[in-house]
Amino acid sequence: MSDVHKIDRRAFLKQAGLAAVAGSVATATSLKAQEGGSRAAAAGYNFDEIYDRVGTHCSKWDGQIERWGDQLKIPMGVADMDFRVAPCITEALQKRISHEVYGYMTTPDSYHDSIINWNERRYGTVIGREMLLDSPALLPGLLAALRAFNPPGAKVVLQTPGYNGFFTTIRKGFVIEENPLREINGVYQMDFDDLDRKLAQDDVHTFILCNPHNPVGNCWDRATLTELGELCARHNVVVFADEIHCDFVNEGSEYVPYANLGDDLAMNSVTFKSASKSFNLAAFKNAYMFSHNPEFMSRIRAVGDNDTINSLGIIASQAALEEGDDWMDALAAYLSDNARYAADFINANIPHMSSNEPEGTYLGWVNVEPMLERLGAVETAAAETAGLSPDADPVTPEMVVERYLIEQSGVKLNPGSSYRGAGHMRMNLGLARPLLEEALGRIQQAAERV
């Protein structure tokens, strides 16, 4: 482990004055947010633990420290969580690893049964075994489906702001056709008039839905999904529903699976899911897709070999889906309180920023338009872009904010321009409450100096 990049979390928190910062922000909001920790602790899980990931080749920590140096203290960018996994996962992996032969492995029926049972038990979604197809991750599965339904060069309709992984995936042979969401007082809505026009184009065959939505946090309600589905069916456009964040639904909100909308709409869709987001198993590269339409699954299978998945990932995912309900419930409550605490604290204490509480995911979507103006970020970005080579990616105003926050607070947020969401930043809330409070206190102090 490199001494340059090793951070002693305990020493860092002591040096940073966490107790002082936490005390200064311990309003009624923060006290209420602590309820999530209490509920998780009552279930036997300590999500308040600050678990050091530095030195594990972790993208979220090591990768960002490599880029930004030791000025980076708390990364809130890459969308994975800093919590220990559910104990049942560690136990299952340890049991398998104790058998010291790691040859080719067949996929057991019990693995697919765990997927089927999880979806029916928690969401009432009935999935037949013949409807399921494995995938090494969500995006490779999505790319296989795009190739099955689109000729090269076809347009794929995508709502923006949107997950940036969709952009790179679509560009592997296809063209992005944006259907911008409408933001009204910080709340996002679908623009069905614009969507109708986009879906009517002859070279549009597929639409990507994100529910819960990354990055804006919406859990789309049944009426919205039904109107969307009817539009897509009318134009003979297939819905690809990314529902990988479905287990993170914040208090007062509801996740409606697209496959539960009724036979007519479900038959015109393919759903993509994974235990990797819910149980923080991204390193294992396991995902799955399903459709009630057997012709759709046949078309995707015919595209090529996309169903080879990680053997240890099978062990981990099956254990999570079979035995991880209590852990997942406790985590969801904890993250829901993190989301409420972050939004309330930002709105009450951090100048030049605002945020609505997300309905789902563990991601905050923060409006920083006033900060852009006070920093002169538009002018700075334009001047820096002018000095780049013509083939270089432009500097955006949101990147200027990203850099300012790292330099002045040590906290890393993702620029909203990466998601085609101008004037915003994405904030990962999947971390221990003490670190979240420390991060927000640091951002507050940096914002007060703008």
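Everything quoted here is computed from the prediction, not taken from an experiment.

### A closer look at the pairing of strand 15 (residues 424-428)
Successive side chains on a regular strand alternate, one facing one side of the sheet and the next facing the other.
Stage number 1. Along strand 15, five of the five residues are buried, which leaves the element largely enclosed by surrounding structure.
Stage number 2. Neither face of strand 15 is exposed, since His424, Arg426 and Asn428 on one face and Met425 and Met427 on the opposite face are all buried.
Stage number 3. Sheet topology note: the strand 12 (residues 363-367)/strand 15 ladder contains five bridges and is antiparallel. Within the sheet, the bridge partner assigned to asparagine 367 lies in strand 15 and is histidine 424.

### Examining the side chain of serine 355
Stage number 1. In this fold, serine 355 is placed in strand 11 (residues 354-355).
Stage number 2. In this structure, serine 355 is in contact with Ala343, Ile346, Asn347, Trp365 and Val366, ignoring residues within four places of it in sequence.

### Here we look at the side chain of lysine 60
Stage number 1. Along the polypeptide, lysine 60 turns up in helix 4 (residues 59-68).
Stage number 2. Polar contacts involving the side chain of lysine 60 include one to the main-chain carbonyl oxygen of aspartate 80, which spans 3.0 Å.
Stage number 3. With near-sequence residues (within four places) excluded, lysine 60 lies in contact with Arg53, Pro75, Val78, Asp80, Met81, Asp82, Asn428 and Gly430.

### Looking at unusual backbone geometry
With the exception of glycine, most residues fall at negative phi, and the peptide bonds are largely trans.
Stage number 1. Note that the residue after threonine 160, namely proline 161, is joined by a cis bond; omega there is 0 degrees.
Stage number 2. Here proline 161 shows up in the loop between strand 3 (155-160) and helix 8 (164-170).
Stage number 3. Asparagine 211 connects to proline 212 through a cis peptide bond whose omega is -5 degrees.
Stage number 4. Within the element layout of this structure, proline 212 appears in the loop between strand 7 (204-210) and helix 10 (222-234).

### Quick look at the packing of helix 9 (residues 192-199) against helix 10
Stage number 1. Where helix 9 contacts helix 10, the two axes come as close as 10 Å, and the packing angle between them is 25 degrees. Our classification of the angle between helix 9 and helix 10 gives roughly parallel. Helix-helix and strand crossings are classified by hand; for helix 9 and helix 10 the assignment is right-handed. For the pair helix 9 and helix 10, contact is made by Phe192, Leu195, Asp196 and Leu199 and by Thr224, Glu227, Leu228, Leu231 and Cys232, respectively.
Stage number 2. Class assignment of the residues belonging to the contact of helix 9 with helix 10 gives a composition of six nonpolar, one polar and two charged.

### Quick word on the environment of lysine 412
Stage number 1. Mapping lysine 412 onto the fold places it in strand 13 (residues 411-412).
Stage number 2. Apart from residues no more than four positions distant in its own chain, lysine 412 is found in contact with Gln64, Trp68, Leu72, Ile74, Pro75, Met76, Gly77, Glu402 and Ile406.
Stage number 3. A polar contact of 2.7 Å, which involves the side chain of lysine 412, links it to the side chain of asparagine 414.

### Describing helix 7 (residues 138-149)
Stage number 1. The first and last C-alpha atoms of helix 7 sit 17 Å apart over twelve residues, in line with the 16 Å expected at 1.5 Å per residue.
Stage number 2. Within helix 7, nine of the twelve residues are buried, which leaves it mostly tucked inside the rest of the structure.
Stage number 3. Listed in full, the buried residues belonging to helix 7 are Leu138, Gly141, Leu142, Leu143, Ala144, Ala145, Leu146, Ala148 and Phe149.

### Some thoughts on the state of the cysteines
Stage number 1. Summed over the entire model, instances satisfying the criterion amount to zero disulfides.
Stage number 2. Unpaired in this structure, cysteine 219 has its nearest cysteine sulfur neighbour in cysteine 246, at a distance of 9.7 Å.
Stage number 3. Using a relative accessible area of 8% as the deciding quantity, one classes cysteine 219 as buried.

### Here we look at the packing of aromatic side chains
Stage number 1. In the structure shown here, the tally under the stated rule is 15 aromatic pairs.
Stage number 2. Ring geometry for phenylalanine 47 and tyrosine 334: centres 5.5 Å apart, planes at 55 degrees, overall tilted. Of the two residues, phenylalanine 47 sits in the loop between helix 3 (28-42) and helix 4 while tyrosine 334 sits in helix 15 (residues 325-349), which places them 287 residues apart along the sequence. You'll find phenylalanine 47 and tyrosine 334 in the same group, each marked buried.
Stage number 3. Ring geometry for tyrosine 341 and phenylalanine 345: centres 5.8 Å apart, planes at 25 degrees, overall stacked. Linking tyrosine 341 with phenylalanine 345, this pair stays in helix 15, spanning four residues, or about one helical turn.
Stage number 4. On the accessibility criterion, tyrosine 341 (1% relative accessible area) is buried.
Stage number 5. Here a set of aromatic residues connected by ring pairs shows up, and it is made of Tyr45, Phe47, Phe83, Trp118, Phe279, Trp327 and Tyr334.
Stage number 6. A cation over an aromatic ring shows up here: arginine 420 above the ring of phenylalanine 167, its NZ or CZ 4.7 Å from the ring centre.
Stage number 7. Here the guanidinium or amino end of arginine 433 rests over the ring plane of tyrosine 334, the centre of that ring lying 4.5 Å away.

### Notes on the pairing of strand 8 (residues 238-242)
Stage number 1. Summarising burial for strand 8: five of the five residues are buried, a large majority.
Stage number 2. Burial along strand 8 is two-sided: the residues Val238, Phe240 and Asp242 and Val239 and Ala241 are all buried.
Stage number 3. In terms of strand pairing, strand 7 meets strand 8 through five bridges, oriented parallel. Each residue of the ladder has a partner; that of isoleucine 208, found in strand 8, is phenylalanine 240.
Stage number 4. Since strand 7 and strand 8 lie parallel, the crossover through helix 10 that links them has a hand, and here it is right-handed.
Stage number 5. Two strands pair when backbone bridges link them, and strand 8 and strand 9 (residues 269-273) are joined in this way by four bridges, in the parallel orientation.

### Considering the sheet that holds strand 11
Stage number 1. The four strands lie next to each other as 11-12-15-14, forming an open sheet whose pairing is antiparallel. Looking at the sheet topology across the chains shown, the edges are occupied by strand 11 and strand 14 (414-415).
Stage number 2. Here strand 14 runs beside strand 15; their pairing, made up of two bridges, is antiparallel. Paired with proline 415 across the strands is methionine 425, a residue of strand 15.

### With respect to the sheet that holds strand 4 (residues 175-180)
Stage number 1. Pairing in this open sheet of seven strands is mixed, and the strands run 2-10-9-8-7-3-4 from one edge to the other. The two strands at the open ends of the sheet, each matched to only one other strand, are strand 2 (132-135) and strand 4. The mean inter-strand angle of the sheet, taken between neighbouring strand axes irrespective of direction, is 25 degrees.
Stage number 2. The pairing of strand 2 with strand 10 (residues 287-290) spans four bridges and is antiparallel. Looking across to strand 10, one finds that leucine 133 is bridged to methionine 289.
Stage number 3. The sheet strands contacting helix 6 (residues 109-123) are strand 2, strand 9 and strand 10, and the helix crosses strand 2 at an angle near 115 degrees.
Stage number 4. Sheet strands touched by helix 7: strand 2, strand 3, strand 7, strand 8, strand 9 and strand 10. Its angle to strand 8, the strand with the most contacts, is close to 180 degrees.

What counts as what
Residues numbered from 1 in each chain as written. Predicted model: local features only at pLDDT ≥ 70, side-chain atom pairs only at ≥ 80, totals over all residues. Heavy atoms only, no water. Buried < 20%, exposed > 50% of the residue type's maximum accessible area, 1.4 Å probe, protein only. Helix = DSSP H or I, 4+ residues; strand = E, 2+ residues; numbered from the N terminus. Pairing = 2+ DSSP bridges. Contact = heavy atoms within 4.5 Å. Polar contact = N/O pair within 3.5 Å; in protein donor to acceptor, adjacent residues only side chain to side chain. Axes fitted to C-alpha atoms, helices over the stretch in contact; angles between N-to-C directions. Parallel < 35°, antiparallel > 145°, perpendicular 65-115°, else oblique. Left-handed = near helix turned anticlockwise from the far one by under 90°. Nonpolar A, V, L, I, M, F, W, Y, C, P; charged D, E, K, R; others polar. Expected span 1.5 Å × (residues − 1). Disulfide = S-S within 2.5 Å. Phe/Tyr/Trp six-rings, centres within 6.5 Å; stacked < 30°, edge-to-face > 60°. Lys NZ or Arg CZ within 6 Å of the ring centre and 35° of its normal. Right-handed = clockwise from strand over helix to strand, strands pointing away.

Functional significance is not addressed by these values, which are geometric in nature.
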